[in-house]
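# Chains, contacts and geometry: an overview
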Amino acid sequence: METVKLTIDNKQIEVQRGTTILKAAREMGIDIPTLCYMELHDLNIENKPGGCRICVVEVQGRRNLVPACITKCEEGMVVRTHNPRVLNARRIVMEFILSDHPKDCLTCAKSGHCDLQNMAVRLGIRDIPNQDISAMSTYRLDTSPSIIRDLDKCIMCRRCEMMCNEVQTVGALSAFKRGFMAAVAPAFEQNLEHSPCTYCGQCVAVCPTGALTEVDNTPQVLRALADPSKTVVVQTAPAVRAALGEEFGMAPGTLVTGKMVAALKALGFDYVFDTDFAADLTIMEEGTELLGRVGKFLKGDKDVKLPILTSCCPGWVNFFEHNYPELKDVPSTAKSPQQMFGAIAKSYFAEKINIKREDMVVVSVMPCLAKKYESQREEFSVNGNPDVDFSISTRELAAFIKQANIDFNNLSDEEFDRPLGESTGAAVIFGNTGGVIEAAVRTAYEIYTGKKLEKVEYEQLRGMEGVRSATIDFNGLPLNIGIAHGLSNARKLLDDVKAGKSNFHAIEVMACPGGCIGGGGQPLHHGDSSILKARAKAIYEEDVNKPIRKSHENPYIKQLYEEFLGEPNSEKAHHLLHTHYFDKKKKIIVKQ
Amino acid sequence: MSSIKIELRKEDIDKIHEICASFNNDPIELINVLHKSQEHFGYLPAEVQEVIAERLNLSVAKVYGVVTFYSFFTMTPHGKYPISICMGTACYVRGAEKVLDEFKKELGIQVGQTTADGKFSLSSLRCVGACGLAPVVLVGGKTYGRVAPDDVKNILKEYEG
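In every chain, residue numbers begin from 1 and rise along the written sequence. Ligands are numbered from 1 and chains lettered from A, in the order in which they are written. The predicted nature of this model means local features are confined to residues of pLDDT at least 70 and side-chain atom pairs, given and counted, to a pLDDT of 80 or more, with totals for whole chains, interfaces and linings taken over all residues. Water and hydrogen atoms were dropped before computing side-chain values, which therefore reflect all heavy atoms in the structure.

## A short note on the overall build of chain A
Helices and strands together make up the secondary structure of chain A, namely 18 helices and 23 strands. Relative to the globule expectation of 25 Å for 592 residues, the C-alpha radius of gyration of chain A, 25 Å, shows essentially globular dimensions. The C-alpha extent of chain A, read off along each of the three principal axes, is 80 × 65 × 60 Å. For the exposure calls, accessible area comes from a 1.4 Å probe over protein chains only, and a residue counts as buried if that area is under 20% of its type's maximum, exposed if over 50%, partly exposed in between. When the 592 residues of chain A are sorted by exposure, 61% land in the buried category. Whether two residues are in contact is decided by their heavy atoms: any pair within 4.5 Å suffices. For chain A, contacts bridging at least 24 residues in sequence account for 74% of all contacts bridging at least 6. Per element, the accessible surface of chain A, about 23900 Å² overall, is 50% carbon and sulfur. Neither His nor the chain termini are counted; the positive set is Lys and Arg, and the negative set is Asp and Glu. Charge positions come from single atoms, namely NZ of Lys, CZ of Arg, CG of Asp or CD of Glu. Treating the 70 positive side-chain charges of chain A as one cloud and the 76 negative ones as another, the clouds have centres 5 Å apart. Secondary structure elements follow DSSP: runs of H or I of four or more residues count as helices, runs of E of two or more count as strands, with numbering from the N terminus. Both definitions apply: the radius of gyration is a C-alpha atom measure, and the globule rule equals 2.2 Å times residues to the power 0.38. Residue burial considers only the protein chains on display, and all accessible areas are found by Shrake-Rupley using a 1.4 Å probe.

## Here's the deal with the overall build of chain B
From N to C terminus, chain B includes 7 helices and 5 strands. Put simply, chain B runs from its N terminus to its C terminus through helices and strands in the order β-α-α-α-α-β-α-α-β-β-β-α. The principal-axis extent of the C-alpha atoms belonging to chain B is close to 50 × 30 × 25 Å. Put simply, chain B has 161 residues, and 43% of those count as buried. Residue pairs at least 24 apart in sequence account for 61% of intrachain contacts in chain B once pairs closer than 6 positions are excluded. Surface summary for chain B: the accessible area is close to 8600 Å², and the carbon and sulfur share equals 51%. Taken together, the 18 basic and 20 acidic charged side chains of chain B have centroids lying 6 Å from each other.

## A word on the packing of helix α8 (residues 275–298) of chain A against helix α10 (residues 337–352) of chain A
Relative placement of two packed helices is described by the angle separating their axes and the distance separating the axes. Residues and elements named next belong to chain A. The geometry of α8 relative to α10 is characterised by a closest axis approach of 8 Å and an angle of 100° between their N-to-C directions. For the element pair α8 / α10, the angle class is roughly perpendicular. Where α8 approaches α10, its residues T275, A278, A279, L281, T282 and E285 are matched on the opposing element by P337, Q338, M340, F341 and I344. For the contact of α8 with α10, the per-class residue count stands at 7 nonpolar, 3 polar and 1 charged. Axis lines are fitted to C-alpha atoms, over the contacting stretch for helices. Their N-to-C directions set the angle, which ranges from 0 to 180 degrees. Between 65 and 115 degrees an angle is taken as roughly perpendicular, under 35 as roughly parallel, over 145 as roughly antiparallel, and anywhere else as oblique. Ten residue types, Ala, Val, Leu, Ile, Met, Phe, Trp, Tyr, Cys and Pro, are classed as nonpolar, four, Asp, Glu, Lys and Arg, as charged, and the remainder, Gly among them, as polar.

## Considerations on the pattern of salt bridges
All names here are of chain A. Whenever Lys or Arg places a side-chain nitrogen within 4 Å of a carboxyl oxygen from Asp or Glu, that contact is recorded as a salt bridge. In the structure shown here, the tally under the stated rule is 51 salt bridges over all chains. In this structure, E58 and R85 form a salt bridge, with 3.0 Å as the shortest nitrogen-oxygen distance. Of this pair, E58 sits in strand β5 (residues 56–59) while R85 sits in helix α2 (residues 84–99); the two residues are 27 residues apart in sequence, bridging distant segments of the chain. Among the salt bridges present, the one from E446 reaches K550, with a minimum N-O distance of 2.7 Å. Of this pair, E446 sits in helix α14 (residues 435–449) while K550 sits in the loop between α16 (530–545) and α17 (555–565), and the two are 104 residues apart along the sequence. Grouping residues by exposure puts E446 and K550 together as buried. In the salt-bridge network here, residues are joined through shared partners; they are E438, R442, K455, E457, E459, R462, D543 and R549.

## Describing the packing of aromatic side chains
Residues and elements named next belong to chain A. Ring geometry is summarised as follows: Phe, Tyr and Trp rings, the Trp one being its six-membered ring, pair when their centres sit within 6.5 Å, and such pairs are stacked at plane angles under 30 degrees, edge-to-face over 60 and tilted between the two. The final tally for this structure, using the stated rule, is 20 aromatic pairs over all chains. Between F319 and Y324, the aromatic rings sit 6.3 Å apart at their centres with planes inclined by 55°, giving tilted as the arrangement. Accessibility classification places F319 together with Y324 in one group, the buried group. Linked through ring pairs, Y271, F273, F341 and F349 together constitute an aromatic cluster.

## Here's the deal with the sheet that holds strand β8 (residues 142–143) of chain A
All names here are of chain A. When DSSP finds two or more bridges between two strands, those strands count as paired. Ordered by their spatial adjacency, 3 strands build an open sheet running β8-β9-β12, and the pairing between neighbours is antiparallel. Looking at the sheet topology across the chains shown, the edges are occupied by β8 and β12 (212–214). As defined by bridge partners, strand β9 (residues 147–149) adjoins β12 across 3 bridges and the pair is classed as antiparallel. Paired with R149 across the strands is L212, a residue of β12.

## Focus: the interface of chain A and chain B
Contact with chain A, which involves 20 residues of that partner, is made by 22 residues of chain B. Together chain A and chain B conceal approximately 1700 Å² of surface at their shared face, both sides included; 62% is due to carbon and sulfur atoms. Remark: the boundary between chain A and chain B carries 2 salt bridges. For this analysis, a polar contact is any N or O atom pair within 3.5 Å, provided that within protein one partner can donate a hydrogen and the other can accept it, and provided that sequence-adjacent residues contribute only side-chain to side-chain pairs. In this assembly, chain A and chain B are joined by 5 residue pairs in polar contact (both at pLDDT 80 or more). Elements with a minimum of two residues in the side of chain A that touches chain B: α4 (159–167), β10 (174–176) and β23 (590–591) of chain A. At 3 residues, the largest contribution of residues to the side of chain A that touches chain B is made by β10(A). For any pair of parts, buried area is found by adding up, for both, the accessible area (1.4 Å probe) each one loses once the two are put together.

## Points about the sheet that holds strand β2 (residues 81–86) of chain B
Residues and elements named next belong to chain B. On the basis of which strands lie adjacent, the open sheet formed by 4 strands has the order β3-β2-β4-β5 and mixed pairing. Both edges of this open sheet fall to β3 (120–125) and β5 (142–144), since each of them pairs with a single strand only. For this sheet the average axis-to-axis angle between neighbouring strands, irrespective of direction, equals 20°. Across the sheet, helix α6 (residues 96–107) touches β2, β3 and β4 (137–139), and the angle it forms with β2 is around 150°.

## Quick notes on unusual backbone geometry
Residues and elements named next belong to chain A. Look at the link from L306 to P307: it is a cis peptide, with omega at 0°. Mapped onto the fold, P307 is located in the loop between α8 and β15 (308–309). The peptide bond linking R418 to P419 adopts the cis configuration, its omega dihedral lying at 5°. By the element assignment, P419 lies in the loop between α12 (394–403) and α13 (425–428). Within the chain, N354 stands out as a residue other than glycine whose phi angle is a positive 60°. Along the chain, the position of N354 falls in the loop between α10 and β16 (360–366). Here N354 falls in the exposed class, since its relative accessible area comes to 70%. Positive phi outside glycine occurs at H526, with the angle close to 50°. Overall, H526 belongs to the partly exposed group, its relative accessible area being 44%.

And the structure:
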């Protein structure tokens, strides 16, 4: 490999040809500030439009300063990253960016987590000359069920555009117009609701400012908790416990299951349950469906739809409804764990504690923004009463805990309530890419072969590669499994299915890179992908620590079938736990 | 965005398909496709952009982004008599802006817009190479020189009826 030698801040370094000044400096421990630039190393995601100009540095012999993020190192280069000329230029660049930015930091949803605000602090900005914008945003807000767009706060870093188009291939967002009018928006500046947006929230996860934020549902949750006539039930998704601690200064990957439960009880929820219970239930339903379809296929049924596609991820469901409506009867009909939980809580559990469904409020805590949209889908309600009333993100829960003055770090661990709080290791790993299919294999293997599975870990299904595949031996039957995370990767597998070229029996898809641990509702990673890896590790740790690691062995799941549902895929189970999908592709209307 | 809603006829869609095919449906040719389409339709309504996006396998958002980036592309149809006011240096110093303001006032539209009856549209341009006649106004194919704000009413009168 060819290398070049250069000098950065009086120190010599040798790097591979093609390395940018920014990366070379970071190798040396020199932190050149950046705003639009973002790199998620482990996921192969990089945004470097060279647009914001915060990272300018001086290269000896060049008339102008250069942006470090897109300027490649050359032999003999002498670079200064923080001399007075650079500092002065950076300050002016920042002042220009701020001159066109609203000044409502006090009430902005991103305040305290805003990269722009942090940069203003870092560069010591105390005054903004050339202001020509009012204190508050004046452009209309775009409020969807999941995401709020406040275009006046867009600084054109284009991270969201990169996520939406390259990583997710959703194509909802694009830069439009130019100069002061420039911003990122859906086609024809329509609201997100009229675009192919999947609400995956990856745009929100990378937005450095308050231009893209989640819809805050905590005020409604607070109202429900304050209403004595309501029984308020909460469920928490697996990925939340592996990330919530970060909001309280804990190291990424710290599991806070017990503290989270204690905090939810302190907030006043009447029952603290676990979405993991519903994940076990999902495995029972989806696993049975998988075995049913494979069984028919083996008997020579040519009409059976294979591969079966997982349906837990609402961003993914939105994606295929928009992009592959012709395949809408291929995914599993099983509802997502969030919705299964809501349906069971407002039927089975409401009966058990003898209250009407109208008097129960089900709240979910999710690593996800698409879950907000999912909970509002019409088909998931009974006479206008939704199965899940409100869905809040990991970030919203953290803010809620802080508002209630709960000393999270010093809480003693508490346990989930019964019966909907009991879960297995198989359910926990739903939070990681590959986890749902691994959990399904653990159960399907034992049901299909009648043999006990000695080793429950399937290392071949784990990892961070975008598309993975493995063949699992079901006692002589080779089951081909595909896994994709990130919707661009899902698209690759889907195109094969559409073309009839797919050899898989089952495919798991998660919309967000890394799976739910990297969800759009998780604590912001600010471009550090090692955080995602630490969360994934924590999820697998939780699995190992669970006494039961197969969904069908969960005693409360068994009880649920005995007392209420009958057996997996029974008529009652179908009614409560299964759904169907819609064609949401935009049609071009032709005048007759 | 354009408030005009149109429904494309089958021959319109066929025409767009034909234009896209002449550039091998290659997304890299987007600007050329938009050029040809605007040449054909006179403007680029949302519906045309949607068909182009589908054909070139691009997101509609991306196509819209390109249409709004280049001032040559327009989403509003030109009027029957497109009016262009030269804002080049010579015309500008001799009062072109006042002439433009008068047209805006008389027609009740801004630059880039078309009157409700579809008769006139207003645009500004940079130097038509007739600086000796500054300020210059073009209406359709006809050139008017040394235009003063007071002349505007009379110019518009020529196109009545």
